[in-house]
Amino acid sequence: MTQTRLITITALFFTLFDNYAFFNTVLKVYPFGGINTLYLLSLSILLFTFIIFLFSLLSSKYTTKPILIIMLIISSFTSYFMNCYHVIIDSNMIRNIVQTDMAESLDLINIKLITYLLVLGIIPSYFIYKIEINYGSFKVELFKKIKSILLTLLIILITLLSFSKFYTSFFREHKPLRYYTNPTYWIYSIGDYIAKTLKSGKLIVQPIGLDAKVENIKEQPKLVIMVVGEAVRADHLSLNNYSRETNPLLKKEHIINLQHLSSCGTSTAHSVPCMFSIYNRDDYSYKKGISTENVLDVLHHTNAINILWRDNNSNSKGVALRVPYEDYKTSKTNTICDDECRDEGMLVGLDDYIEKEKDRDTLIVLHQIGNHGPAYNKRYTKKFEKFTPVCQTNQLEECSQESINNTYDNALLYTDYFLSEVIKLLKKYDSSHKISMIYMSDHGESLGEHGLYLHGLPYFMAPDAQTHVGAFVWFGEKNQKNINPNKEYSHDNLFHTLLGLFDVKTEVYKREMDMFR
Ligand SMILES: [Zn+2]
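Cut-offs applied
- Residues numbered from 1 in each chain as written.
- Predicted model: local features only at pLDDT ≥ 70, side-chain atom pairs only at ≥ 80, totals over all residues.
- Heavy atoms only, no water.
- Donors = N, O, S within 2.8 Å, 3.2 Å for Na, K, Ca; no water.
- Helix = DSSP H or I, 4+ residues; strand = E, 2+ residues; numbered from the N terminus.
- Buried < 20%, exposed > 50% of the residue type's maximum accessible area, 1.4 Å probe, protein only.
- Core = buried A, V, L, I, M, F, W, Y, C linked by side-chain atoms within 4.5 Å.
- Contact = heavy atoms within 4.5 Å.
- Pairing = 2+ DSSP bridges.
- Axes fitted to C-alpha atoms, helices over the stretch in contact; angles between N-to-C directions.
- Phe/Tyr/Trp six-rings, centres within 6.5 Å; stacked < 30°, edge-to-face > 60°.
- Lys NZ or Arg CZ within 6 Å of the ring centre and 35° of its normal.

**Student:** Provide a residue-level description of the coordination of the zinc ion, including the pertinent values.
**Tutor:** Distances from the zinc ion to its protein donors, Glu 230 (OE), Glu 230 (OE), Thr 268 (OG1), Asp 442 (OD) and His 443 (NE2), fall within 1.9 to 2.5 Å. The sequence pattern formed by the donor residues of the zinc ion is E-x37-T-x173-D-H. Here Glu 230, found in the loop between strand S2 (222-229) and strand S3 (255-257), pairs with His 443, found in the loop between strand S8 (434-441) and strand S9 (446-447); they are 213 residues apart in sequence, far enough to count as distant. There is no split in this pair, since Glu 230 and His 443 are both buried.

**Student:** Just give me the short version of the nonpolar core, but keep the residues and values in it.
**Tutor:** Within the largest apolar cluster, 96 residues are counted, with the highest numbers of intra-cluster contacts made by Phe 170, Val 227, Leu 366, Phe 418, Val 422 and Met 437. In terms of residues, this core owes the most to one element, helix H15 (residues 401-427), which gives 13 residues. Sequence-distant contacts of Leu 366, defined by excluding residues within four places in its chain, comprise Ile 225, Met 226, Val 227, Val 228, Arg 310, Met 346, Leu 347, Leu 350, Phe 418 and Val 422. Counting 44 residues, the second largest nonpolar core, distinct from the first, contains Val 298, Ala 320, Tyr 489 and Leu 494.

**Student:** Tell me what's going on with the sheet that holds S8, and back it up with residues and numbers.
**Tutor:** Reading across from one edge, S3-S11-S8-S2-S7-S5-S6 is the order of the 7 strands in this open sheet, with mixed pairing throughout. Each edge of the sheet is formed by a strand with only one pairing partner; in this case those strands are S3 and strand S6 (325-327). Strand-to-strand twist across the sheet, computed as the mean angle between neighbouring axes with direction ignored, equals 15°. With respect to the sheet, helix H11 (residues 268-276) is in contact with S2, strand S5 (305-311), strand S7 (361-367) and S8, its orientation differing from that of S2 by roughly 155°. Packed on one face of the sheet, H15 meets S2, S3, S7, S8 and strand S11 (471-475) and runs near 165° to S8.

**Student:** Lay out the packing of aromatic side chains in plain terms, naming residues and giving numbers.
**Tutor:** Across all of its chains, the model carries 28 aromatic pairs by this definition. Their ring planes at 65° and their centres at 4.8 Å tell us that Phe 166 and Tyr 167 sit as a pair that is edge-to-face. Of the residues examined, Phe 166 reaches a relative accessible area of 5% and is grouped as buried. Here the aromatic rings of Phe 475 and Phe 516 are separated by 5.1 Å at their centres, their planes lie at 80°, and the arrangement is edge-to-face. Of this pair, Phe 475 sits in strand S11 while Phe 516 sits in the segment after strand S13 (504-505), placing them 41 residues apart in sequence. In terms of burial, Phe 475 and Phe 516 fall into one category: buried. Through a chain of ring-to-ring contacts, three or more aromatic side chains come together here, namely Tyr 30, Tyr 39, Phe 163, Phe 166, Tyr 167, Phe 170 and Phe 171. Lying over the aromatic face of Tyr 279, Lys 288 brings its terminal NZ or CZ to 5.0 Å of the ring centre. The ring of Tyr 417 has Lys 383 lying over it, and the distance from NZ or CZ to the ring centre is 5.1 Å.

Set out below in structure tokens:
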């Protein structure tokens, strides 16, 4: 077989079998029939020729086969997640994938994923591996390559021009449609991710708030526990009038519920560094976040506050790089582990930590595994399985909407218990400290509405379920604060609120952003 033919066949395979999500989404905007049929046909030709063009650019005697195989294998994974969970593989998603650890990846593996890998990845790759390609001399191959590049460019041009009006609206008004193309969009996203993330030379972290000082130092010491939640959408909390009781323990406490709080992003890797950063959602980028100190650093500059980050999620996403950090995902540190280590384990030994320097202000950040999907059934112990039947698989689309909700809500019951334990721990210090707890989830979660699952959609496309997050505060008897629970807040407020809670005076503090002032 010639190289050109192999590339053409592979491109046809991609167009037909790896772009189900793309055509499915396009059909919603341009349903079959009339002129749309012509549009769809021309769109298929455009995608097909563009893939040939792309592969031809990268082709050579030594690269063609490995590149086609890598594309097939990766696209079999992206096809699975795009078809089943309706996710989009953009640069933020690439960041999530890069930062995902082994346990999280294992959570995703199931028979259906393996079938995708086999049928769309390994089997066609095997044929490509076995096929013998008749290569001509360097000159002949170069000539052929130029020929197919020019020919595909010509076809692309003719297709675009013959339906120019359609393509103008397709690219301008329906921008998200192309996010579903395979392999083109994930290739673009990797490039985008690299451009946004990697920088030549050493990363220099810009210090901020070096002038930070604690005022009112003669008061009682402050003890604040900040809980970073995972994938908790606001509308599934009974604190927010959800029809089911998902906060049976917290409702007994004097909780100030922040019912309108929006997240900075739709994924852990974006939201967690953003919520601790000085940048607002509109200004935040990964690069800016990682190269500027965050609110923990500013608190640290006061030299008056003990800071500890305990993590039962993947990690602090770069937030706790310069403050004490403890990994609680392992049974070496976490004493409450069964199938997996529980959030509750992060509370063990905190009394000793607090007692050790009880005259100083203390901030403890607890990063939960919370409602991390898709295996919600692993996030709680049997005791919390109150809503049944539950979804026992990580293939969410196989489960009924009801069982997905049940499983997700059971995991919420565990978080309700965990947070009530945090409050119980804090109450012990009510006479010696000014105590408070802040809880904020990093992002929400889609549970099958409109075929959407999990999270991570680009913010402008994301439903409320992914951006309106669970959040509330709790204060000790002697430490009550004024706060308007009906006001619209966002992750942007956290930076200034934490500084305000510790009475930190610094040029980077903005009083109007502090939720408690
Ligand atoms: Zn998350």
